[in-house]
Protein chains: 2
Amino acid sequence: MLTLHTYFRSSAAFRVRIALNLKGLAWTPQTVWLPDDEHKGGTYRALNPQALVPTLIDGDRHLNQSLAIIEYLDETKPGPKLLPGDPAGRARVRALSQLVACEIHPVNNLRVLKYLKNVLGHDQATIDTWYRHWVAEGFAALERELAGSADTGRHCHGDVPTMADCCLVPQVFNARRFELDLAPYPTLMRVFAENMKLPAFDSAQPSKQPDAARAG
Amino acid sequence: MLTLHTYFRSSAAFRVRIALNLKGLAWTPQTVWLPDDEHKGGTYRALNPQALVPTLIDGDRHLNQSLAIIEYLDETKPGPKLLPGDPAGRARVRALSQLVACEIHPVNNLRVLKYLKNVLGHDQATIDTWYRHWVAEGFAALERELAGSADTGRHCHGDVPTMADCCLVPQVFNARRFELDLAPYPTLMRVFAENMKLPAFDSAQPSKQPDAARAG
């Protein structure tokens, strides 16, 4: 039995929810209420020393960091492969995933936005501009990657979803929340639309999680 | 023949330099002069659509994103393995690597520090405080991970260096540049010292790169 410690709006948790669904695995969500800093408490930290969401529990194994979890699932569980079979393909899928997970998302994490507001005293308009700046820069790079490669298919890499699609989709959800103009990224948005046709992506989205109702 | 497009102070390039050395591979450095924004020019972007350092050229393959490059080298080249043989071990090494590469480093990237200075108008003291805040938070998590696990050995995972050590060492170099107090992280610093005894780490450090002289 797999348990995912998740928060509906967490991009990193959203990536893993998609991966679990794509592989057709049964999993139980366990909400970590980030607005109350539940992830910083001792109970959660005992599960995950990094004190970040998500954590996947697989028997007596506690796994953290979304991309590490997705690769672990791909290596140990049945279901469609989320990484290609060849090293060059795997390198491309990992690099696309890391463009989102190492370049775009971290700078716009909730804790960073809170620091800009509470410590540096910036207003919401300045924070929104910051957010859109980094997503726009990262999405421009991602658009160049996707539009410029023959390896891009209906999805980020070929015609089946991979870990890169698990990363792309949550980032587009976030960009929409901050009202970024997405017109400059036609290839990226074509792939996004293709992904969203699949139940594995659709049912993993924030508004369809049980804890979404709690946010009111 | 492997060519690495690198910049001496880039943490991400430093990670890959260590990995190339650990695997005993011959490689040629090609400097990308970040202070002149050379990475943003058309020539470099043709090599790497993400316009980031490093890029590894392996024959007709262009690889980017440091962790993706390290896994590619590990999968395709001879030399000691930089990821463990078991899925749980790989997941741990990836999660430790991603703690540095997705949580600590991106928030303190040169482009982020430039934005704080040039767009938001912060002074150097505020920027230094920002820097130390995120490294301290991340290193506290990394210390908990390393000190709390029986899997930690002389290195981050067992008694041989892995990808996690390739990530830890450059981040400590950066922390020292910003004069972070490292006393609260004894396990992390013990592992750092162990790594620095090895020529693969020592010779990859910024001050020993050919382009370091150019910085004057």
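Residues numbered from 1 in each chain as written. Chains lettered and ligands numbered in written order. Predicted model: local features only at pLDDT ≥ 70, side-chain atom pairs only at ≥ 80, totals over all residues.

Focus: helix H7 (residues 163-177) of chain B
All names here are of chain B.
Then comes step 1: Helix length check: H7 (15 residues) gives 22 Å between terminal C-alpha atoms against 21 Å at 1.5 Å per residue, within 8%.
Then comes step 2: Counting buried residues along H7, eleven of its 15 residues qualify, which places the element largely inside the surrounding structure.
Then comes step 3: Within H7, the full set of buried residues consists of Met 163, Ala 164, Asp 165, Cys 166, Cys 167, Leu 168, Val 169, Pro 170, Gln 171, Val 172 and Ala 175.
Then comes step 4: Turning to H7, the residues buried within the fold contact helix H1 (11-22), helix H3 (66-76), helix H4 (87-104), helix H6 (124-147), helix H8 (186-196) and helix H9 (199-202). (Helix = DSSP H or I, 4+ residues; strand = E, 2+ residues; numbered from the N terminus. Expected span 1.5 Å × (residues − 1). Buried ≥ 20, exposed ≤ 12 C-beta atoms within 10 Å, placed from the backbone. Contact = placed C-beta atoms within 7 Å.)

Quick look at the sheet that holds strand S1 (residues 2-6) of chain A
Residues and elements named next belong to chain A.
Then comes step 1: On the basis of which strands lie adjacent, the open sheet formed by four strands has the order S2-S1-S3-S4 and mixed pairing. Looking at which strands have only one partner, the edges of the open sheet turn out to be strand S2 (27-31) and strand S4 (61-64). Strand-to-strand, the axes of this sheet are offset by a mean angle of 20 degrees, without reference to chain direction.
Then comes step 2: Sheet topology note: the strand S3 (residues 55-58)/S4 ladder contains four bridges and is antiparallel. The residue of S4 that forms the bridge with Thr 55 is Asn 64. (Pairing = 2+ DSSP bridges. Axes fitted to C-alpha atoms, helices over the stretch in contact; angles between N-to-C directions.)

Quick notes on the domain arrangement of chain A
Residues and elements named next belong to chain A.
Then comes step 1: As assigned here, chain A comprises domain 1 (2-80) and domain 2 (87-201).
Then comes step 2: Once you take the C-alpha centre of each, domain 1 and domain 2 turn out to be 20 Å apart.
Then comes step 3: Between domain 1 and domain 2, the contact holds twelve residues from the first and 15 residues from the second.
Then comes step 4: Element by element, the count of residues in the side of domain 1 that touches domain 2 is highest for helix H1 (residues 11-22), at seven residues.
Then comes step 5: Residue classes in the side of domain 1 that touches domain 2 are distributed as eight nonpolar, three polar and one charged. (Domains from an automatic or database assignment. Nonpolar A, V, L, I, M, F, W, Y, C, P; charged D, E, K, R; others polar.)

Remarks on the packing of H1 of chain B against H3 of chain B
The axes of two packed helices give the description: the angle between them and the distance between them.
Residues and elements named next belong to chain B.
Then comes step 1: Closest axis-to-axis distance for the H1/H3 pair is 9 Å, and the angle between their directions is 10 degrees. In this view, H1 runs roughly parallel relative to H3, as classed from their interaxial angle. In this structure, H1 uses Ala 12, Arg 15, Val 16, Ala 19 and Leu 20 to contact H3, whose residues at the interface are Ser 66, Ile 69, Ile 70 and Leu 73.
Then comes step 2: The residue inventory of the contact of H1 with H3, partitioned by class, reads seven nonpolar, one polar and one charged. (Parallel < 35°, antiparallel > 145°, perpendicular 65-115°, else oblique.)

Points about the environment of Ser 207 of chain B
All names here are of chain B.
Then comes step 1: Along the polypeptide, Ser 207 turns up in the segment after H9.
Then comes step 2: When the 10 C-beta atoms within 10 Å are taken as the criterion, Ser 207 is described as exposed.
Then comes step 3: Along the sequence, Ser 207 and Leu 99 sit 108 residues apart, while their C-alpha atoms lie 25 Å from each other.

Considerations on unusual backbone geometry
Then comes step 1: Cis geometry marks the peptide bond from Val 53 of chain A to Pro 54 of chain A, where omega comes out at 5 degrees.
Then comes step 2: For Pro 54 of chain A, the position within the fold is in the loop between helix H2 (42-47) and S3.
Then comes step 3: Its identity as a non-glycine residue notwithstanding, Glu 179 of chain B has a phi of 55 degrees, on the positive side.
Then comes step 4: Inspection of the secondary structure puts Glu 179 of chain B in the loop between H7 and H8.

Considering the interface of chain B and chain A
Then comes step 1: With 30 residues of chain B at the contact, the number on the chain A side is 30 residues.
Then comes step 2: Elements with a minimum of two residues in the side of chain B that touches chain A: strand S4 (61-64), H3, H4 and H6 of chain B.
Then comes step 3: Looking at the side of chain B that touches chain A residue by residue, the classes come out as 17 nonpolar, six polar and seven charged.

Notes on the confidence of the model for chain A
Then comes step 1: In this model, chain A carries a mean pLDDT of 96, and residues with pLDDT of at least 70 account for 100%.
Then comes step 2: Listed scores for the predicted complex are pTM 0.97 and ipTM 0.97. (pLDDT = per-residue confidence, 0-100.)

Concerning the sheet that holds strand S2 (residues 27-31) of chain B
All names here are of chain B.
Then comes step 1: Spatially, the four strands line up as an open sheet ordered S2-S1-S3-S4, and their pairing is mixed. On the outer flanks of this sheet lie S2 and S4, each paired with one strand and no other. Ignoring which end each strand starts from, the neighbouring axes of this sheet average 20 degrees apart.

Description of the nonpolar core
Then comes step 1: Ala 19, Ile 70 and Leu 168 of chain A together with Ile 18, Ala 19, Ile 70 and Leu 168 of chain B are the most contacted members of the largest nonpolar core, which has 117 residues in total.
Then comes step 2: Here Ile 70 of chain A is in contact with Arg 15, Val 16, Ala 19, Leu 82, Met 163 and Cys 166 of chain A, once residues within four sequence places are set aside. (Core = buried A, V, L, I, M, F, W, Y, C linked by C-beta atoms within 7 Å.)

Notes on the relation of the copies chain B and chain A
Then comes step 1: The transform that puts chain B on chain A rotates by 180 degrees and translates by 0.0 Å along the axis, for an RMSD of 0.0 Å. Taken together, the rotation angle and the small translation identify this as a two-fold axis. Closest approach to the rotation axis within chain B is made by the C-alpha atom of Cys 102 of chain B, at a distance of 2.2 Å.
Then comes step 2: A share of 100% of interface residues in chain B that are also interface residues in chain A marks the association as one of identical surfaces. (Least-squares fit on C-alpha atoms with pLDDT ≥ 70 in both.)

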